[in-house]
Amino acid sequence: MYHIHIQHGGYIQHKSVIADVQFSLPNHAIIGLIGGNGAGKSTTIQALLQTLPYADVTHNLPAQLGYVPERPIIYEYYTLREHIHLLIQMFRKDEAALWQRALDLCETFKLQHKLDDYPIQ
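The structure reproduced in this document is the subject of the present report. (Residues numbered from 1 in each chain as written. Predicted model: local features only at pLDDT ≥ 70, side-chain atom pairs only at ≥ 80, totals over all residues. Heavy atoms only, no water.)

A closer look at helix H2 (residues 80-91)
Moving on, step 1. For H2, spanning 12 residues, the distance from its first C-alpha to its last is 17 Å, which sits close to the expected 16 Å at 1.5 Å a residue.
Moving on, step 2. Among all positions in H2, only His83, Ile84 and Ile88 are buried. Along H2, the residues classed as buried sweep out an arc of 135 degrees about the axis, all on the same side.
Moving on, step 3. In this fold, the buried residues of H2 make contact with helix H3 (95-108). (Helix = DSSP H or I, 4+ residues; strand = E, 2+ residues; numbered from the N terminus. Expected span 1.5 Å × (residues − 1). Buried < 20%, exposed > 50% of the residue type's maximum accessible area, 1.4 Å probe, protein only. Arc of directions from axis to C-beta. Contact = heavy atoms within 4.5 Å.)

A look at the pattern of salt bridges
Moving on, step 1. Using the criterion set out here, one finds two salt bridges in the structure.
Moving on, step 2. One salt bridge in this structure joins arginine 81 and aspartate 116, with 2.9 Å as the shortest N-O distance. With a gap of 35 residues between them, arginine 81 in helix H2 and aspartate 116 in the segment after H3 connect regions that are remote in the sequence.
Moving on, step 3. Residue classification places arginine 81 among the partly exposed residues on the basis of a relative accessible area of 33%.
Moving on, step 4. A salt bridge links aspartate 117 to lysine 114; its shortest N-O distance comes to 3.9 Å. (Salt bridge = Lys/Arg side-chain N within 4 Å of Asp/Glu carboxyl O.)

As for the sheet that holds strand E1 (residues 2-10)
Moving on, step 1. A sheet is described by the order of its strands in space; here three strands give the open sequence E2-E1-E3, paired in antiparallel fashion. Edge positions in the sheet fall to strand E2 (18-25) and strand E3 (54-59), since each of these pairs with one other strand and no more. The mean angle between the axes of side-by-side strands here comes to 15 degrees, regardless of whether they run parallel or antiparallel.
Moving on, step 2. Relative to E2, E1 is paired through seven bridges, and the arrangement is antiparallel. Its bridge partner lying in E2, histidine 8 is registered against alanine 19. (Pairing = 2+ DSSP bridges. Axes fitted to C-alpha atoms, helices over the stretch in contact; angles between N-to-C directions.)

What follows is the structure, given as structure tokens:
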């Protein structure tokens, strides 16, 4: 069982938009967060992915998580390579390993020749 506790989290220091969020998940479960606009679903996910600017989170989740946003963020004037670079910068981990993983996935999905293309292409 995975246990999650978000003591607080937000986009501005000392101004929490979520607080005392606690839940448990069965191991290897596929879950969805459901709620109205402004309920804190995206903020909760960002806190778990460590992409929220200010958050105090305790969990025992595995190192690798999958996340599929409702609407992917695609910048019209960034190439695929630039989108990958932007994502890698968010994770603050081993950049070389993340690039290799991204390139492997591009090959799997036959996108290795599209790295310098724009989404509108």
